[in-house]
Amino acid sequence: VVKKIKFGPEIFYGNKPESVPYVELLPLSDDIVASYTGPGSGLAYAEGYTDNEHYTHLVAGVKDWTLREEQAYGASISLYEQHPISGRISGEPIADSFALCVRRNNAILMMADGVNWGEKSRLAARCALYGSMKYLNYTIFDRRHKPENTQDVVRLLRKALDEAHRAIISKEAGLTTLCLCMVCEVANSDQHAVCCVNVGDSLAFVYSANNAIREVTVGSHDVGSERDIRDAGGALGPVDGVNPELHNLTCSVTFCHKGDMVFLTTDGISDNFDPVVTKIALPTRANDSNFNTKECMTSNSNLVIKPEMTPKERHTYAMKEMEKVVHEFELSTEDRCSAQAFCGALLQHVLTLTDTKRKIAENPAIYAKHKTTKQERKRRDSEIVEKMSKAPGKLDHASVIAVEVGAFLRQGGQSQMKEANNAAVTSSLTGSQPRNVPDSPPTPTHLPLCGSIPPSYHFKKSGARKFFAKLKSLPTSPTSHNPPPLPSSASCEPIRTSSSPALNLPSSPPVFNCTPFFPTSFSSNTIGHDSQKLPQECFLNLPPPKFPNRRFPKAADVHTPTSPTIMESPLELDITRFPHRSQLRPSC
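Right, let's walk through the structure included here. Quick caveat, the model's predicted, so the values are computed rather than measured.

Quick look at the overall build of the chain now. Helices and strands together make up the secondary structure of the chain, namely 11 helices and 19 strands. When burial is assessed residue by residue, the chain has 47% of its 588 residues classed as buried. By sequence separation, contacts in the chain at least 24 residues apart represent 76% of the contacts at least 6 residues apart. Entry remark: accessible area of the chain is about 29,800 Å², with carbon and sulfur atoms responsible for 55%.

Attention now moves to the nonpolar core. Nonpolar side chains in soluble globular proteins tend to be buried together. Membership of the largest hydrophobic core comes to 54 residues, with the highest contact counts inside it found for Leu43, Trp65, Met133, Leu136 and Leu178. When residues of this core are traced back to their parent elements, those giving at least two are strand 3 (54-59), strand 7 (96-103), strand 8 (106-114), helix 1 (119-142), helix 2 (150-170), strand 9 (176-185), strand 10 (192-199) and strand 13 (250-256). Broken down by element, the residue count for this core peaks at 12 residues, all from helix 1. Membership of the second largest hydrophobic core comes to 34 residues, among which are Phe263, Val325, Cys337 and Ala398.

What follows concerns helix 5 (residues 339-353). Here helix 5 contains 15 residues, and its C-alpha end-to-end distance of 21 Å stays within 8% of the 21 Å for a straight helix at 1.5 Å per residue. Across the 15 residues that make up helix 5, a large majority, 13, are buried.

Time to look at the pattern of salt bridges. A full pass over the atoms with the stated rule returns 20 salt bridges. Salt-bridge contacts for Lys4 lead to Asp190; the nearest nitrogen and oxygen are separated by 2.9 Å. Note that Lys4 is positioned in the segment before strand 1 (12-14) and Asp190 in the loop between strand 9 and strand 10, a separation of 186 residues in sequence. By relative accessible area, Lys4 is classed as partly exposed at 45%. Between Arg227 and Asp271 there is a salt bridge whose closest N-O contact spans 2.9 Å. Of the two residues, Arg227 is situated in the loop between strand 12 (212-215) and strand 13 and Asp271 in the loop between helix 3 (267-270) and strand 15 (282-283); the sequence distance between them amounts to 44 residues.

This part takes up the sheet that holds strand 6 (residues 72-78). On the basis of which strands lie adjacent, the open sheet formed by 5 strands has the order 6-17-14-11-12 and antiparallel pairing. If you trace the sheet from one side to the other, it starts and ends with strand 6 and strand 12, each paired once. In this sheet, neighbouring strand axes are inclined to one another by 20 degrees on average, regardless of whether the strands run parallel or antiparallel. In the sheet, strand 14 (residues 261-265) pairs with strand 17 (residues 397-404) via 5 bridges, with the strands oriented antiparallel. Each residue of the ladder has a partner; that of Phe263, found in strand 17, is Ala402. Sitting on the sheet, helix 5 is in contact with strand 6, strand 11 (203-208), strand 14 and strand 17, with an inclination near 155 degrees to strand 17.

Next up on the list: the pairing of strand 6. Taking burial as the measure, the 7 residues of strand 6 include 7 buried ones, the bulk of the element. A two-sided burial pattern is seen for strand 6, the buried positions comprising Ala72, Gly74, Ser76 and Ser78 on one face and Tyr73, Ala75 and Ile77 on the other.

Describing an aromatic ring pair means giving the distance of the ring centres and the angle of the ring planes. Tallying each qualifying case throughout the model produces 7 aromatic pairs. Pairing Tyr80 with Trp117 gives two aromatic rings, centres 5.0 Å apart and planes at 80 degrees, and the pair type is edge-to-face. Note that Tyr80 is positioned in the loop between strand 6 and strand 7 and Trp117 in the loop between strand 8 and helix 1, a separation of 37 residues in sequence. Here the aromatic rings of Phe263 and Phe342 are separated by 4.7 Å at their centres, their planes lie at 55 degrees, and the arrangement is tilted.

Attention shifts here to the packing of helix 4 (residues 311-333) against helix 5. One can describe the packing of helix 4 onto helix 5 by two numbers: an axis separation of 10 Å at closest approach and a directional angle of 115 degrees. The two elements helix 4 and helix 5 meet at a crossing, and its hand is right-handed. Between helix 4, through Glu321, Val325, Val326 and Phe329, and helix 5, the contact on the second element is made entirely by Ala341, Phe342, Ala345, Leu346 and His349. Grouping the constituent residues of the contact of helix 4 with helix 5 by class yields 7 nonpolar, 1 polar and 1 charged.

The next thing to look at is unusual backbone geometry. Between Gly38 and the following residue, Pro39, the backbone shows a cis peptide bond with an omega angle of -10 degrees. As for its position among the elements, Pro39 is in the loop between strand 2 (32-38) and strand 3. Put simply, Glu92 and Pro93 share a cis peptide bond, and its omega is 0 degrees. Positive phi outside glycine occurs at Asn116, with the angle close to 70 degrees. You can call Asn116 exposed: its relative accessible area is 61%.

With respect to the helices and strands, the residue Ile269 is situated in helix 3. The exposure class assigned to Ile269 is buried, which follows from its relative accessible area of 0%. With 81 residues separating them in the primary sequence, Ile269 and Val350 have C-alpha atoms 6.7 Å apart. Beyond its immediate stretch of four places on either side in the chain, Ile269 contacts Leu346, Leu347, Val350, Ala398 and Ser399.

Direction vectors running N to C along helix 1 and helix 2 enclose 135 degrees, while the axes themselves pass 7 Å from each other. Of the possible angle classes, the one that applies to helix 1 and helix 2 is oblique. The hand of the helix 1/helix 2 crossing is right-handed. When helix 1 is examined against helix 2, the residues Ala124, Cys127, Ala128, Gly131, Ser132, Tyr135, Leu136, Thr139 and Ile140 are found in contact with a partner set consisting of Leu156, Leu157, Lys159, Ala160, Glu163, Ala164, Ala167 and Ile168. Class assignment for the residues of the contact of helix 1 with helix 2 results in 12 nonpolar, 3 polar and 2 charged.

Criteria and thresholds
Residues numbered from 1 in each chain as written. Predicted model: local features only at pLDDT ≥ 70, side-chain atom pairs only at ≥ 80, totals over all residues. Heavy atoms only, no water. Helix = DSSP H or I, 4+ residues; strand = E, 2+ residues; numbered from the N terminus. Buried < 20%, exposed > 50% of the residue type's maximum accessible area, 1.4 Å probe, protein only. Contact = heavy atoms within 4.5 Å. Areas by Shrake-Rupley, 256 points an atom, 1.4 Å probe, with all protein chains shown as cover. Core = buried A, V, L, I, M, F, W, Y, C linked by side-chain atoms within 4.5 Å. Expected span 1.5 Å × (residues − 1). Salt bridge = Lys/Arg side-chain N within 4 Å of Asp/Glu carboxyl O. Pairing = 2+ DSSP bridges. Axes fitted to C-alpha atoms, helices over the stretch in contact; angles between N-to-C directions. Phe/Tyr/Trp six-rings, centres within 6.5 Å; stacked < 30°, edge-to-face > 60°. Left-handed = near helix turned anticlockwise from the far one by under 90°. Nonpolar A, V, L, I, M, F, W, Y, C, P; charged D, E, K, R; others polar. Parallel < 35°, antiparallel > 145°, perpendicular 65-115°, else oblique.

Keep in mind that these numbers describe shape and distance, not what the molecule does.
This is the structure in structure tokens:
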């Protein structure tokens, strides 16, 4: 028996694909089980589409970009204030964009954050996703250049980054950050490889029940030094007119288990977990004599002592705070957090955190038109700036995308979806109307801001509660209403009346002793370690579970046609140029 390989939670990173370890992967599946992009039309906007719908032709290798699943989900909201008179939200439109394409044993996740505000920033984010997703789907699943190891995956992600920049330049868009992630099954192991390439401050994380939350893209920023949250660190697009800024370009690889959550966020999520941004702590200072006591004073002139944290301590605290939010959500719902609920919990947290700062900017008195002197306007503006600086959080566009690892490999040794998901994908393939999925969380004015759970996430019974509820409904259950008296003997033999025949079913259901036993074998009429024979009628006749057949698009359907708006460029993965697999192995 070949012993399976086990990997730890270590993160390997560098600025080149050769910096990550060489680990062989299982062959990639072609069946698409989830594909979703947003907000709005997402990456399809690069081909002129303004609505996210079921398209008549392939867009970036996929025909239907509306297949959201409970285990593969993404959402975006704006944390900026709303004008109390015009009702317009600052920072519109949302410049973030995300996309995911999940197959049986692999998943592609992308997150882009347009730099600054405006249409050009949003266009840059959408074009970056379109160019990179089209390249990966076309190269891997159409031309069949499937990666065989982690270094191959990182190489493809790095080339997809170049294609994203080319798409931005062809559309004359602005600047954007980009984080590309691909999750694949590892050969001869029960674990999955998480491969990432990112530039800017869009980050990737892994949430594991055993190893908590860890950042995969930790190499893209120095956690040991102070960082300006206003500086993304790098960006795609014409930074100097033509070329991108790849200062913090990082290639990263880590390994996770089935059931873990891989999620990508923009800085609107990650920065709002920093204890300095949330006003819980203060950054360290070189000289304690310059300690700013005014920053620690409340409105009642009470001194509040806040701890000073180093940048590394702040990063560790942010990871723990994310875990706390997820655990509190699971405790409130008494159920395990799915990818959809995970995204909702993070968005609800940052939305509640920034509520105070948002209400300061939404004060109608600020926008009232009345005659004021220059000094009065200056004093008013300084008061607003001071209040905003003391309020916790950071106003920004917030986006998150999450996928549960191995969620589509649960039954039959390979994979089988839930019945609802089966019906949804089947209807989309047959040309019927897409399934009714709740929209992404709306703008801040339409969401609760008092720390409550979003209304779209209903409270569910836990597994134990469901089990005992079913147990109580059974007529022979000792916990059912008005149960027959329990016997005092220690045997598992059913109690029968003297008038009941010995081998026939009694007029009333048999009652068993509650003494626990551990059966060694089961058959149609045998229970227990002593192989006590019971009549066939004593057993519940439950119908077998029904699992409808699932239809998936075939590999031949996954193509990427030439874009009508973005011209093709020669790819670098021709067979004549692609290095031999033996050359990719490190020399011993």
